[in-house]
Each structure stands twice: as structure tokens, then as C-alpha cells.
Amino acid sequence: MKREAHESTILEKSKNYVKFHRLLRKAEEDGRLDGKYRCPVCGMRYLSAPEADACCRIDD
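Residues numbered from 1 in each chain as written. Predicted model: local features only at pLDDT ≥ 70, side-chain atom pairs only at ≥ 80, totals over all residues. Heavy atoms only, no water.

1. Some words on the overall build of the protein chain
Keep this limit in mind: The helix and strand labels rest on DSSP assignments: H or I over at least four residues marks a helix, E over at least two residues marks a strand, and numbering proceeds from the N terminus. Under the convention used here, a 1.4 Å probe and the Shrake-Rupley method define accessible areas, while residue burial counts only the protein chains that appear.
The number of helices and strands found in the protein chain is 2 helices and 4 strands. The order of helices and strands in the protein chain, counted from the N terminus, is β-β-α-β-β-α. Of the roughly 5,400 Å² of accessible surface on the protein chain, 52% is carried by carbon and sulfur atoms.

Right under this line is the structure:
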């Protein structure tokens with residue numbers, strides 16, 4: 001972030017984070033952000049109920 005020369009209170013984005021946007025797009029495609037089913041522990045979203053149930057499951 002950098003400050004504008006004429007206005008010291010306005011910040012503007014100075015860098016495009018390609019890796020962040022790539023990971024965000026992959027998470028959306030996998031259904032981890034807007035999927036129908038939710039992990040009961042962490043809240044991550046999945047496209048299927050079995051994936052959501054197995055997300056934070058601890059197997060001995």
C-alpha cells in the first residue's frame with residue numbers, strides 16, 4: 001500500500017497478489033467457499049456432505 005501524494009489519508013493497492021487470487025479461484029471452484037455443505041467444526045464449505053463431515057475428523 002502506498003499513500004497518495006495529495007491526500008495522506010487515502011491508501012491505494014500497489015501490488016496485485018497473483019498467488020492469492022489463484023488460490024481463491026481454486027477454493028471457489030472446489031466449493032470450499034460457497035459450497036452447500038459446511039464442516040461442523042471449522043465451517044469450511046464443501047460441495048458434498050461426506051467431504052464436509054470428513055474435514056476435521058480425527059481417526060485413531
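Let us keep going from here.
2. A closer look at a nonpolar patch on the surface
To keep it simple, the criterion reads: Put simply, a patch holds well-exposed residues, over 30% relative accessible area, that have no salt bridge, with like charges counted together within 9 Å and Val, Leu, Ile, Met, Phe, Trp or Tyr side chains within 5 Å. Criterion for a salt bridge: a side-chain nitrogen of Lys or Arg within 4 Å of a carboxyl oxygen of Asp or Glu.
A surface patch of nonpolar side chains, about 390 Å² in accessible area, is lined by Y17, F20, L24 and L33. Here F20 is to be found in helix α1 (residues 18-30).

3. Side note on α1
Note: α-helices contain 3.6 residues per turn, so residues at a spacing of three or four share the same orientation. Quick reminder of the rule: For a helix, the expected span equals 1.5 Å multiplied by the number of residues minus one.
Counted at 1.5 Å a residue, the expected span for α1 with its 13 residues is 18 Å, and the 18 Å between its end C-alpha atoms agrees. G31, located one to two residues past α1, shows a positive phi value of around 85°.

4. Details of the confidence of the model for the protein chain
Spelled out, the test is: Per-residue confidence from the predictor is given as pLDDT, running between 0 and 100.
Residues at a pLDDT of 70 or more form 73% of the protein chain, whose mean pLDDT is 78. In the model of the protein chain, strand β1 (residues 2-3) stands out as the element of lowest mean pLDDT, 50, in contrast to helix α2 (residues 49-54), which has the highest, 90.

5. Examining the state of the cysteines
Quick reminder of the rule: Disulfides are defined as cysteine sulfur pairs within 2.5 Å. Per-residue accessibility, obtained with a 1.4 Å probe over protein chains only, is compared with the maximum for each type, and a residue is labelled buried under 20%, exposed over 50%, and partly exposed between these values.
Going through the model one piece at a time under the given rule, you end up with 0 disulfides. C39 takes part in no disulfide bond, and the closest cysteine sulfur, belonging to C42, lies 3.7 Å away. Overall, C39 belongs to the buried group, its relative accessible area being 4%. C55 takes part in no disulfide bond, and the closest cysteine sulfur to it belongs to C42, at a distance of 3.7 Å. Judged by its relative accessible area of 27%, C55 is partly exposed.

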